Amino acid sequence: LYAAPDELLIRLNQYVENGGTLIASFKTAFANENVKVSHEVQPHILSNCFGVHYDQFTFPKNVGLTGEVILKKTDQKGNAHPAANVFMELLVSEGAEVLASYDHYAWKDYAAVTRNHYGKGTAQYLGCKTSEKYLQKLLADAMKEAGIADAVQNAEFPVIVRRMKDENGKTVWFYFNYSHTPAETVYAGADGEYLMKENQTFPGVDVAAGEKLALGSWDVQIIREK
């Protein structure tokens, strides 16, 4: 979110304070909607929310990451531990929990990834570009803390799962098969009823929690919990 008006940043601040979860990457809130760089502390307006600030950044070269989620230099398959790529901000914590620091003789005292409890919510900041695998773990942990069902994040492509609340507060699940090849998955919600299956409405047809779903070619199935 490189360029954003103050009004949006204030709304994000309030969102976290009211209990929301916010995750942002480097260069967030760096400039306004006219791409004018803020002369105030970075990240602009959201510094207190994230519990960090920075006034230095650089391009990483042979900079690793170390911290809470980095247990070993290599994983079980012998892959190198996560590294900072492309860009890195030298974050200074102002109360935020440091999840990862820079594994580098010159930058070891600076935070790379942080998590902060602000009001009723949580704000997590990534000060550098990480590997996709490391980013997936960070997001999975944040989703778990936010109470998002594991089944949503564990579904494998081409099956995509989404959920929402309807106007009556009931949870509605959406299962998409982004392929011409039929696929199977497991319904992750509570007992419910189909709203759509095989591109047709199926009012009153029940589906049980944990039931296997057979998704046809380019199929969409919508289920509302009872």
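Residues numbered from 1 in each chain as written. Predicted model: local features only at pLDDT ≥ 70, side-chain atom pairs only at ≥ 80, totals over all residues. Heavy atoms only, no water.

Focus: the pairing of strand E13 (residues 183-186)
Then, in step 1: Of the two faces of E13, the one holding Ala-183 and Thr-185 is buried and the one holding Glu-184 and Val-186 is not buried anywhere.
Then, in step 2: Two strands pair when backbone bridges link them, and E13 and strand E16 (residues 212-215) are joined in this way by four bridges, in the antiparallel orientation. Residue pairing across strands places Thr-185 opposite Leu-213, the latter belonging to E16. (Buried < 20%, exposed > 50% of the residue type's maximum accessible area, 1.4 Å probe, protein only. Helix = DSSP H or I, 4+ residues; strand = E, 2+ residues; numbered from the N terminus. Pairing = 2+ DSSP bridges.)

Description of helix H3 (residues 132-145)
Then, in step 1: The first and last C-alpha atoms of H3 sit 20 Å apart over 14 residues, in line with the 20 Å expected at 1.5 Å per residue.
Then, in step 2: For H3, every residue scored as buried is listed here: Tyr-134, Leu-138 and Ala-142. The arc that holds the buried residues of H3, viewed along the axis, is 70 degrees, so those residues lie on one side. H3 presents Glu-132, Lys-133 and Lys-144 as exposed residues on the side facing more than 90 degrees away from its buried surface. (Expected span 1.5 Å × (residues − 1). Arc of directions from axis to C-beta.)

Looking at a nonpolar patch on the surface
Then, in step 1: Side chains of Tyr-2, Val-35 and Val-37 sit close together on the surface and give an oily, nonpolar patch of about 260 Å² of accessible area.
Then, in step 2: You can see Val-35 is positioned in the loop between strand E1 (21-25) and helix H2 (47-50). (Patch = residues over 30% accessible without salt bridge, like charges linked within 9 Å, V, L, I, M, F, W, Y side chains within 5 Å. Areas by Shrake-Rupley, 256 points an atom, 1.4 Å probe, with all protein chains shown as cover. Salt bridge = Lys/Arg side-chain N within 4 Å of Asp/Glu carboxyl O.)

Examining the pattern of salt bridges
Then, in step 1: Here the structure, examined in full by the defined rule, presents six salt bridges.
Then, in step 2: The salt bridge partner of Asp-109 is Lys-108, with a shortest N-O separation of 3.8 Å. As far as the burial class goes, Asp-109 and Lys-108 line up, both exposed.
Then, in step 3: Through salt bridges that share partners, Glu-97, Arg-115 and Glu-145 make up one connected network.

Some details on the confidence of the model for the protein
Caution is warranted with low-pLDDT regions, since their predicted coordinates should not be read in detail.
Then, in step 1: Of all residues in the protein, 89% attain a pLDDT of 70 or more, and the chain-wide mean is 88.
Then, in step 2: Low confidence marks residues 71-75, where pLDDT is under 50. Its contacts with residues over four positions away, or in another chain, come to nine contacts. (pLDDT = per-residue confidence, 0-100. Contact = heavy atoms within 4.5 Å.)

Points about the packing of aromatic side chains
Then, in step 1: Summed over the entire model, instances satisfying the criterion amount to 11 aromatic pairs.
Then, in step 2: Relative to Phe-87, the ring of Phe-59 has its centre 5.8 Å away and its plane inclined at 80 degrees; by these criteria the two rings are edge-to-face. Linking Phe-59 in the loop between strand E3 (57-58) and strand E4 (64-67) with Phe-87 in strand E5 (residues 85-89), this pair joins segments that are 28 residues apart in sequence.
Then, in step 3: The class of Phe-59 is exposed, set by a relative accessible area of 63%.
Then, in step 4: Using a relative accessible area of 9% as the deciding quantity, one classes Phe-87 as buried.
Then, in step 5: Every member of this aromatic cluster is reached through a ring pair, and the members are Tyr-2, Phe-26, Phe-30, Phe-57, Phe-59 and Phe-87.
Then, in step 6: Here the guanidinium or amino end of Lys-27 rests over the ring plane of Phe-57, the centre of that ring lying 4.0 Å away. (Phe/Tyr/Trp six-rings, centres within 6.5 Å; stacked < 30°, edge-to-face > 60°. Lys NZ or Arg CZ within 6 Å of the ring centre and 35° of its normal.)

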